[in-house]
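What follows is each chain in one-letter form.
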Amino acid sequence: MINLNQRILPAVRKMKDLEKLIKMSYEYIVVLDIHISQVKSIVELTKAHGKKPLLHVDLIEGLKNDEYAAEYLCQVVKPAGLISTRAGVITKTKQNGLLAIQRMFLLDTNALEKSYALLKRTQPDFIEVLPGIMPHIITEVNERTGIPIFAGGLIRSINDVELALNAGASAVTTSKAELWKHFEQIPDEVIQP
């Protein structure tokens with residue numbers, strides 16, 4: 001069983017933000033928009049500071065987001081987990097014993113229904129629902145799948161975070177440093193998939 005003891009999953013895009021984040025108390029962090037040549041060193045840096053990095057496979061420049069990339073990341077780079085929209089990446093991540101987070105873009109009813117079918121096949125550890133500012137959809141996905149949800153995308157305020165959490169999200173992914181700072185000060189509840 002996996003315990004995430006945080007309501008915010010800080011997502012970093014720039015090294016200067018990563019430098020700030022490794023000094024904060026968050027254990028799990030999301031790494032976005034990096035070049036393949038940086039992946040191993042960033043994972044090693046974060047681990048050296050007691051962090052558990054979650055790599056967004058689809059956003060690693062120079063690396064195809066497929067099963068082979070997932071295998072490489074799991075066995076050589078060894079982050080805490082992988083995030084992807086791709087079913088093959090999620091399946092391979094689970095086979096390697098890392099956290100598998102299925103990212104879903106919910107653009108319309110058709111996309112939502114296709115996502116439900118995909119989730120039945122992949123059975124990820126967590127689902128990241130985007131955009132994360134749709135509380136009623138977060139509630140629906142949570143009830144229909146029984147898989148813990150991260151809300152992400154367009155989360156801009158404390159109120160957005162609270163609405164997502166109150167709707168049933170286990171945590172909120174955000175690249176907004178001011179939200180990291182605000183929620184770092186508030187005790188978190190244990191989140192279990």
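In every chain, residue numbers begin from 1 and rise along the written sequence. In keeping with the predicted nature of the model, local features appear solely for residues at pLDDT of at least 70, side-chain atom pairs appear and are counted solely at 80 or more, and the whole-chain, interface and lining totals rest on all residues. To get the side-chain values, take all heavy atoms of the structure and skip hydrogens and water.

A. Seen up close, the overall build of the protein. Starting at the N terminus, helices and strands are each numbered in turn, a helix being any DSSP run of H or I of at least four residues and a strand any DSSP run of E of at least two. Along the backbone of the protein there are 8 helices and 10 strands. Rg of the C-alpha trace for the protein: 15 Å, near the compact-globule value of 16 Å for 193 residues, within the 12% margin. With respect to the principal axes defined by its C-alpha atoms, the protein has extents near 40 × 40 × 30 Å. Entry remark: accessible area of the protein is about 9100 Å², with carbon and sulfur atoms responsible for 50%. Taking the 23 positively charged and 22 negatively charged side chains of the protein as two groups, their mean positions are separated by 4 Å. The globule rule used here is 2.2 Å times the number of residues to the 0.38 power, and the radius of gyration it is set against is calculated over C-alpha atoms. Accessible surface area values rest on a Shrake-Rupley calculation with a 1.4 Å probe, where residue burial reflects the displayed protein chains alone. Charge convention: Lys and Arg are scored as positive, Asp and Glu as negative, and His as well as the terminal groups of each chain are ignored. By convention, charge coordinates are those of NZ in Lys, CZ in Arg, CG in Asp, or CD in Glu.

B. Expanded view of the sheet that holds strand E6 (residues 81–84). Strand pairing follows a simple DSSP-based rule, namely that at least 2 bridges must link the two strands. Strand order in the closed barrel formed by 8 strands is E1-E2-E4-E6-E7-E8-E9-E10, and the pairing between neighbours is parallel. The sheet shows a mean angle of 25° between the axes of neighbouring strands, taken without regard to direction. Two residues form a contact once any of their heavy atoms are found within 4.5 Å. Axes here mean lines fitted to C-alpha atoms, for a helix over just the part in contact, with angles spanning 0 to 180 degrees between N-to-C directions. Running over the sheet, helix H6 (residues 135–145) touches strand E7 (99–105), strand E8 (126–130) and strand E9 (149–152) and is turned about 160° from E9.

C. Looking closely at helix H7 (residues 158–166). For every residue, the accessible area obtained with a 1.4 Å probe (protein chains only) is divided by the maximum for its type, and the residue is called buried under 20%, exposed over 50%, and partly exposed between those limits. Of all the positions in H7, only Asp 160, Val 161, Ala 164 and Leu 165 are classed as buried. Down the axis of H7, the sector holding all buried residues measures 130°, keeping them to one side. As for H7, its buried residues are in contact with strand E1 (8–12), H6, E9, strand E10 (171–174) and helix H8 (177–184). Of the residues one or two after H7, Gly 168 is the one with positive phi, at around 120°. In this description, the arc belongs to the directions extending from the helix axis to the C-beta atoms.

D. Inspection of helix H2 (residues 36–48) at higher detail. Of all the residues in H2, the buried ones are Val 39, Ile 42, Val 43 and Thr 46. Along its buried surface, H2 packs onto helix H1 (15–21), strand E2 (28–31), strand E3 (34–35), strand E4 (52–56), strand E5 (60–61) and helix H3 (67–77). Positive phi appears at Gly 50, one or two residues downstream of H2, with a value of about 80°.

E. Representation of the packing of aromatic side chains in the model. The pairing test for Phe, Tyr and Trp rings, Trp by its six-membered ring, is centres within 6.5 Å, and the orientation test on the planes gives stacked under 30 degrees, edge-to-face over 60, and tilted for anything in between. Enumeration according to the criterion identifies 1 aromatic pair in this entry. For the pair Phe 126 and Phe 150, a centre-to-centre distance of 4.5 Å together with 20° between the ring planes defines the contact as stacked. Here the residue Phe 126 occupies a position in strand E8, and Phe 150 occupies one in strand E9, the gap between them amounting to 24 residues.

F. Just the packing of H2 against H3, in detail. For the pair H2 and H3, interaxial distance at closest approach is 11 Å and the crossing angle is 45°. Considering the angle they form, H2 stands oblique to H3. By crossing handedness, the relation of H2 to H3 is classed as right-handed. Listed contacts from H3 to Val 39, Lys 40, Val 43 and Lys 47 of H2 are Leu 73, Val 76 and Val 77. Gly counts as polar in this scheme, as do all residues outside two lists: the nonpolar Ala, Val, Leu, Ile, Met, Phe, Trp, Tyr, Cys and Pro, and the charged Asp, Glu, Lys and Arg. Among the residues forming the contact of H2 with H3, the class breakdown is 5 nonpolar, no polar and 2 charged. Roughly parallel covers angles under 35 degrees, roughly antiparallel covers those over 145, roughly perpendicular covers 65 to 115, and oblique covers all other angles. By the definition used in this description, the sense in which the near helix is turned from the far one sets the handedness, with an anticlockwise turn below a right angle giving left-handed and a clockwise turn giving right-handed.

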